[in-house]
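# Descriptive analysis of the structure
Chain residues, written in single-letter form:
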Amino acid sequence: MINLNSDIKYIKGVGEKRAEFFKKLGISCVRELISYYPRKYQDRSQRTTVRQCQSGETVCIKATLATPVKEHMIRKGLTLFKCNFTDGETIIHVTIFNNKYLAKSLKQYNEYILYGKIEKNLTSAEMNSPEIEKAENSIGIVPVYPASEKLSSKAISKIIKTALENLDPFEETLQAECRLKYALVSKDFAIRQIHFPDSADNLEKAKRRLIFEELLILQLGLLKLKSKKKDQTSIQIKKNFTNEFYKLLPFTPTNAQANAVSDCIKDMGGAYAMNRLVQGDVGSGKTAVAAGAIYSAVKNGFQCALMAPTEILASQHMDTVSNLLTETNIHIDLLTGSTPAKEKREIKKRLANGETDFVIGTHALIQNDVEFKNLGLVITDEQHRFGVNQRTNLAKKGNGVHTLVMSATPIPRTLALMIYGDLDISVLNELPAGRQKIRTDVVDSRYHKRIYEFVKKAIARNEQAYIVCPLVEEGETDLKPAVQYAEMLSETAFKGYNIGLLHGKMKAKEKEQVMTAFSNGDIKILVSTTVIEVGVDVPAATVMVIENAERFGLSQLHQLRGRVGRGKAQSYCILVSDSKSETAQNRLAIMKNYSDGFKIADEDLKQRGPGDFFGNRQHGLPDLKIADMLTDSEMLALCRQAADEILEKDYNLDMPENKPLADAISDMFRNSANN
């Protein structure tokens, strides 16, 4: 007898060799096999006749084998088997490719179920390699599993059926009260019906139960990981200096910015440490919000630190905040990996004795020898680019420190609530005045000559342009590499123009020099990889050309597009792609038609899933086997409610009836950590 922890090789029909094929699918034990859910189902309960169906349809027909099966060898290694079936009215010519076992098993005058695409003509019909099974063995709804070359869906299905027949009833994970309240079937019923449903109704009930359980376990795990009870803090903003800060600004803040600053000041004035996410689209003014929070914190006697994922972004923040606070006596320092050793020592000394009010930096800020005299506010930019430890290590340099997280990556709200479940969220959904919509066009490489002329006209107006490539250097690919492309352009279309090159393999000092030259207008055309995705703010840059645009994710394209349109002039984004793929064309059409980053993020999530969207390694978000956080958003809300109810009664999940739930949480997050 097998159990859920048994090695898969002990299931009848598997053995050592087949077990290796299963391992390549990520299945090594019975538990993993049982949670290898079908990707779709074929409903063979809906039978039809040739007369009733349309040519080109995928159909299920009950038919009798009317002729013997004839073998035709086309060439060595390829054999065709031909025969005729009838549904009682019409002859169906069936061709079977290279499946001798199936061909030999067919008996004349026996009834079969044919499932596949049908092509009709005036007097008969044809089916090429339909799935064929005996009518008496046919099941109504057939599971289809993600398969491999060595393991067909049918083979996987057979092994799962054998495993289920030899397993005891599944232990219940959810209490009866929870199942009753949310109308959920039992765990045992759900597992057996998800693989081999008796009816469409039972399949839906099974899906609902398993989706609910998976999302509930995920919610509970995230809440347990993140919802440490709010820390009491002695760092309190006694006086609000926001109005004084606004007088320093050369612009009027949007309502969304004002609300976000107000949220921060209110949080920092309370008895508990602030935990807030400021989430805004490209160019929505998050840095100004951070500066507003910093200003009041410093004026109340506290030091502040802002950590950015790249030196370019850290330098950008330094420029922006320094300009905003130039009329004040607030002392600001920049600390990065490339800061000279002597200067580093001096900055660290100023931080330790309290001379520096605000420090901006990269991972250099979390070095052990960086100490603060009175750290009160920590700001993390582009939070999802840091590992969990990096995010918390900076806050640990103070006691009861307030935390502000900024993200320019628009995240669908359902996902934001999941990922940042412990944070209060302020959304910046307005663009500052004077920002024009960026015109976006999708063209193929035949337009290059016209694109180059367009760029030249922009430069003649004293504007600048980016040209983004997916690769740094040439390889075995037809993609545009930045290094060679920059050389080619400087010798041909843009001979005599000052072209800059920026990519991730360059040293920090070199990058800084290039960006400074571009910001100053000395470089007119910057050929770059996605290193300019965040952090570069050049108001005179009005043209963004993205080569091989189909190679980028939607959110990444949106971030790149956001590098232009930073000034008052009309800006343009030109997506160049020769891809004929329907998926690629649809994605680029979304970029052309939408400017709202949140809408684009929704589409990106639909296409790539949450793991790809954030990168599971850094984010620690477990893979979901059956739930979809976008399409199951209503269920997500129910699960959050259920999770709160469970934790309210049993916060540590110590009650015996909650042990299966606690074990399931451990399994999910242990697997996530191993990914």
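Residues numbered from 1 in each chain as written. Predicted model: local features only at pLDDT ≥ 70, side-chain atom pairs only at ≥ 80, totals over all residues. Heavy atoms only, no water.

### What to know about the overall build of the chain
Within the chain, the secondary structure is distributed over 23 helices and 23 strands. Viewed in the frame of its principal axes, the chain has a C-alpha envelope of about 95 × 70 × 45 Å. Here the chain holds 675 residues, and 51% of them are scored as buried. The contacts in the chain between residues at least 6 apart in sequence include a share of 73% that link residues at least 24 apart. Accessible area for the chain stands at about 33000 Å²; split by element, carbon and sulfur atoms hold 47% of it. Here the chain contributes 92 positive and 83 negative side-chain charges, whose respective centroids are spaced 2 Å apart. (Helix = DSSP H or I, 4+ residues; strand = E, 2+ residues; numbered from the N terminus. Buried < 20%, exposed > 50% of the residue type's maximum accessible area, 1.4 Å probe, protein only. Contact = heavy atoms within 4.5 Å. Areas by Shrake-Rupley, 256 points an atom, 1.4 Å probe, with all protein chains shown as cover. Lys, Arg positive; Asp, Glu negative; His and termini not counted. Charge placed at Lys NZ, Arg CZ, Asp CG, Glu CD.)

### A look at the confidence of the model for the chain
Summary statistics for the chain give a mean pLDDT of 87 and a share of 90% for residues scoring 70 or more. Within the model, pLDDT remains below 50 along residues 611-620, and this stretch shows 24 contacts once partners closer than five positions in the same chain are excluded. (pLDDT = per-residue confidence, 0-100.)

### Observations regarding the nonpolar core
Judged by nonpolar contacts, the single largest core of 61 residues is most densely connected at I11, F22, L33, F212 and L216. If you tally residues by element for this core, the top one is helix 7 (residues 200-226), at 12 residues. For L216, the contacting residues outside a window of four places in its chain are L174, C639, A642, A643, I646 and L661. (Core = buried A, V, L, I, M, F, W, Y, C linked by side-chain atoms within 4.5 Å.)

### Some thoughts on the sheet that holds strand 13 (residues 332-335)
If you walk across this open sheet you meet the 7 strands as 13-14-12-15-16-11-17, and the pairing is parallel. Since the sheet does not close on itself, it has two edges, and those belong to strand 13 and strand 17 (424-428), each with one partner. Strand-to-strand twist across the sheet, computed as the mean angle between neighbouring axes with direction ignored, equals 20°. Relative to strand 17, strand 11 (residues 275-280) runs parallel, the two being bridged by 5 bridges. (Pairing = 2+ DSSP bridges. Axes fitted to C-alpha atoms, helices over the stretch in contact; angles between N-to-C directions.)

### Observations concerning the packing of helix 9 (residues 255-268) against helix 10 (residues 286-299)
Interhelical geometry of helix 9 versus helix 10 gives an angle of 35° and a closest axis separation of 9 Å. Like other packed secondary-structure pairs, helix 9 and helix 10 cross with a definite hand, here right-handed. Here Q257, A260, V261, C264, I265 and M268 of helix 9 come into contact with helix 10, specifically with A288, V289, G292, A293 and S296. (Left-handed = near helix turned anticlockwise from the far one by under 90°.)

### A closer look at the packing of helix 18 (residues 554-561) against helix 19 (residues 582-593)
In the contact formed by helix 18 and helix 19, the axes pass within 10 Å of each other and the chain directions differ by 35°. Our pair here, helix 18 against helix 19, has a crossing hand that is right-handed. Contacts between helix 18 and helix 19 involve L554, L557, H558 and R561 from the first element and R587, L588, I590 and M591 from the second.

### Observations regarding the environment of I360
Assignment of secondary structure puts I360 in strand 14 (residues 358-361). The class for I360 is buried, based on a relative accessible area of 0%.

### Quick look at the packing of aromatic side chains
Counted by the stated rule, this structure contains 9 aromatic pairs. On the basis of an interplanar angle of 90° and a centroid distance of 6.0 Å, the ring pair of F85 and Y112 is categorised as edge-to-face. Of the two residues, F85 is situated in strand 4 (residues 78-86) and Y112 in strand 6 (residues 111-117); the sequence distance between them amounts to 27 residues. There is no split in this pair, since F85 and Y112 are both buried. (Phe/Tyr/Trp six-rings, centres within 6.5 Å; stacked < 30°, edge-to-face > 60°.)

### Comments concerning unusual backbone geometry
In this structure, A183 takes a positive phi of about 55° despite not being glycine. Secondary-structure assignment places A183 in the loop between helix 5 (176-181) and helix 6 (187-195). Despite not being glycine, L653 has its phi angle at roughly 55°, a positive value. Looking at the element boundaries, L653 is found in the loop between helix 22 (633-649) and helix 23 (659-674). What makes L653 buried here is its relative accessible area of 8%.

### Concerning the sheet that holds strand 22 (residues 541-546)
Pairing within the open sheet is parallel, and its 6 strands lie in the order 18-23-22-19-21-20. Edge positions in the sheet fall to strand 18 (439-443) and strand 20 (499-502), since each has one partner strand and no second. Ignoring which end each strand starts from, the neighbouring axes of this sheet average 20° apart. Relative to strand 23 (residues 572-576), strand 22 runs parallel, the two being bridged by 4 bridges. Its bridge partner being in strand 23, V545 is matched across the sheet by I574.

### What about the pattern of salt bridges?
Applying the stated rule across the entire model yields 28 salt bridges. A salt bridge links E16 to K9, with the shortest nitrogen-to-oxygen separation between them at 3.4 Å. Residue E16 is classed as exposed on the basis of its relative accessible area, which comes to 54%. Judged by its relative accessible area of 25%, K9 is partly exposed. The closest approach of N and O atoms between E453 and K456, which form a salt bridge, is 3.6 Å. With a gap of 3 residues between them, E453 and K456 both fall in helix 15 (residues 448-460), about one helical turn apart. The class of E453 is partly exposed, set by a relative accessible area of 40%. Using a relative accessible area of 22% as the deciding quantity, one classes K456 as partly exposed. Several salt bridges share partner residues, and in doing so they unite E172, R179, K187, R209 and E213 into one network. (Salt bridge = Lys/Arg side-chain N within 4 Å of Asp/Glu carboxyl O.)

### Focus on the environment of M268
Relative to the assigned elements, M268 resides in helix 9. Exposure remark for M268: the relative accessible area of 0% places this residue in the buried category. Spatially, the C-alpha atoms of M268 and A291 are 14 Å apart, while their sequence positions differ by 23 residues. For M268, the residues in contact, after removing those within four places along its chain, are I235, Q236, I237, M274, A293, L377 and H402.

### Observations concerning helix 12 (residues 341-353)
For helix 12, spanning 13 residues, the distance from its first C-alpha to its last is 19 Å, which sits close to the expected 18 Å at 1.5 Å a residue. Where helix 12 is buried, its residues meet strand 12 (303-307), strand 13 and strand 14. A positive phi of about 90° marks G354, the residue just after helix 12. (Expected span 1.5 Å × (residues − 1).)

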